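Structure assessment
Spelled out, the chains give:
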Amino acid sequence: MGDGALSVWEKSSTARTVPAARPRKLSKVPFVELADGRLQGVVSSGSDIGRVYVSSVESTTYAFTCSTNNNRPCGGTRGWFCNHIRALIAEAVFQYGVERVARYLKVEVSGEAADADSVTDAMTATRPAQDGSSAAAQVFSRFLRHLAYLELAPTTAPLPEMQWFPTTRAVA
């Protein structure tokens, strides 16, 4: 992919965007990110439409946490990954690809048939601990901020809150 394939915005941006591996459905896991040394995101409840779970897995140690958006602990995390964390891992692999997720989390997966299950199995084989400190507030805040951008009307004008990004041709 040469410069001819990049849009004007991508050419003038100081940070490269990484396209998703594949488009995904947002009903089960509306928000997933690799940030702050964690795989973290928001997972919809299977039983209550008004409830979401904020889940995360630390890189390297695979310490995990899962709680509701109002900081109540998940009933499924009894010393192992709950279904919310498994869904988060599956969606991260779907969005970013197995190689990128494994590299970020520092998980050793082998074989050409590596998938979300092999990443999950490799992490659970180390018997990770449940993380006592929760980053749920930060993750949920990012999710809400993400939703706020979706409510904006489409425009090509710059957003005032994004003005702190320097232009590529700025003179110091």
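To start, this report covers the structure provided alongside it. (Residues numbered from 1 in each chain as written. Predicted model: local features only at pLDDT ≥ 70, side-chain atom pairs only at ≥ 80, totals over all residues. Heavy atoms only, no water.)

Some points on the overall build of the chain
Within the chain, the regular secondary structure consists of 5 helices and 4 strands. In sequence order, the chain lays out its α and β elements as α-β-β-β-β-α-α-α-α. Looking at the chain residue by residue over its 172 residues, the buried ones come to 36%. Of the roughly 11100 Å² that the chain leaves accessible, carbon and sulfur atoms contribute 55%. (Helix = DSSP H or I, 4+ residues; strand = E, 2+ residues; numbered from the N terminus. Buried < 20%, exposed > 50% of the residue type's maximum accessible area, 1.4 Å probe, protein only. Areas by Shrake-Rupley, 256 points an atom, 1.4 Å probe, with all protein chains shown as cover.)

Thoughts on the environment of Ser56
Here Ser56 lies in strand S3 (residues 52–58). Placed 28 residues apart in sequence, Ser56 and His84 show a C-alpha to C-alpha distance of 9.5 Å. When sequence neighbours within four positions are dropped, the list of residues in contact with Ser56 reads Arg38, Leu39, Gln40, Ala63, Phe64, Thr65, Ile85 and Leu88. (Contact = heavy atoms within 4.5 Å.)

Describing the nonpolar core
Among the nonpolar cores identified, the biggest contains 28 residues, and Leu39, Val57, Phe81, Ile85, Ile89, Val107 and Met123 are the most heavily contacted of them. Listing elements by their share of this core, those giving two or more residues are strand S1 (31–35), strand S2 (38–44), S3, strand S4 (64–68), helix H2 (83–96), helix H3 (98–105) and helix H4 (116–124). Examining the composition of this core, we find that 7 residues originate from one element, H2, more than from any other. Look past the residues within four positions of Leu39 in its chain and what remains in contact with it is Val32, Glu33, Leu34, Ser55, Ser56, Val57, Leu88, Ile89, Ala92 and Leu105. Val42, Val139, Phe140 and Phe143 belong to the second-largest nonpolar core, a separate cluster that totals 8 residues. (Core = buried A, V, L, I, M, F, W, Y, C linked by side-chain atoms within 4.5 Å.)

As for the sheet that holds S4
What the 4 strands build is an open sheet, ordered S1-S2-S3-S4; its pairing is antiparallel. The sheet terminates laterally at S1 and S4, the two strands that pair on one side only. With strand direction ignored, the average angle separating the axes of adjacent strands in the sheet is 10 degrees. Sheet topology note: the S1/S2 ladder contains 5 bridges and is antiparallel. Its bridge partner lying in S2, Ala35 is registered against Arg38. On top of the sheet, H2 reaches S1, S2, S3 and S4; it is set at about 110 degrees to S2, its chief contact. (Pairing = 2+ DSSP bridges. Axes fitted to C-alpha atoms, helices over the stretch in contact; angles between N-to-C directions.)

Section: the packing of aromatic side chains
The full count for this structure, using the stated rule, is 3 aromatic pairs. On the basis of an interplanar angle of 80 degrees and a centroid distance of 5.1 Å, the ring pair of Phe64 and Phe81 is categorised as edge-to-face. Of this pair, Phe64 sits in strand S4 while Phe81 sits in the loop between S4 and H2, placing them 17 residues apart in sequence. For the pair Phe64 and Phe81, a shared accessibility class is recorded, and that class is buried. (Phe/Tyr/Trp six-rings, centres within 6.5 Å; stacked < 30°, edge-to-face > 60°.)

Concerning H4
Looking only at H4, the buried set comprises Ala116, Val119, Thr120 and Met123. Buried positions in H4, seen along its axis, are confined to an arc of 95 degrees and lie on one side of it. (Arc of directions from axis to C-beta.)

Some words on the packing of H2 against H3
Interhelical geometry of H2 versus H3 gives an angle of 120 degrees and a closest axis separation of 6 Å. Overall, the two elements H2 and H3 adopt an arrangement that is oblique. Residues Ala92, Val93 and Tyr96 of H2 form the contact with H3, whose own contacting residues are Val98, Arg100 and Val101. Of the residues assigned to the contact of H2 with H3, the class counts are 5 nonpolar, no polar and 1 charged. (Parallel < 35°, antiparallel > 145°, perpendicular 65-115°, else oblique. Nonpolar A, V, L, I, M, F, W, Y, C, P; charged D, E, K, R; others polar.)

Some remarks on the side chain of Ser45
Tracing the chain through its elements places Ser45 in the loop between S2 and S3. Ser45 gets classed as buried once you look at its relative accessible area, which sits at 13%. Within the local environment of Ser45, its side chain forms a polar contact with the backbone nitrogen of Asp48, the two atoms lying 3.2 Å apart. Apart from residues lying up to four places away in sequence, Ser45 is in contact with Arg51, Val52 and Tyr53. (Polar contact = N/O pair within 3.5 Å; in protein donor to acceptor, adjacent residues only side chain to side chain.)

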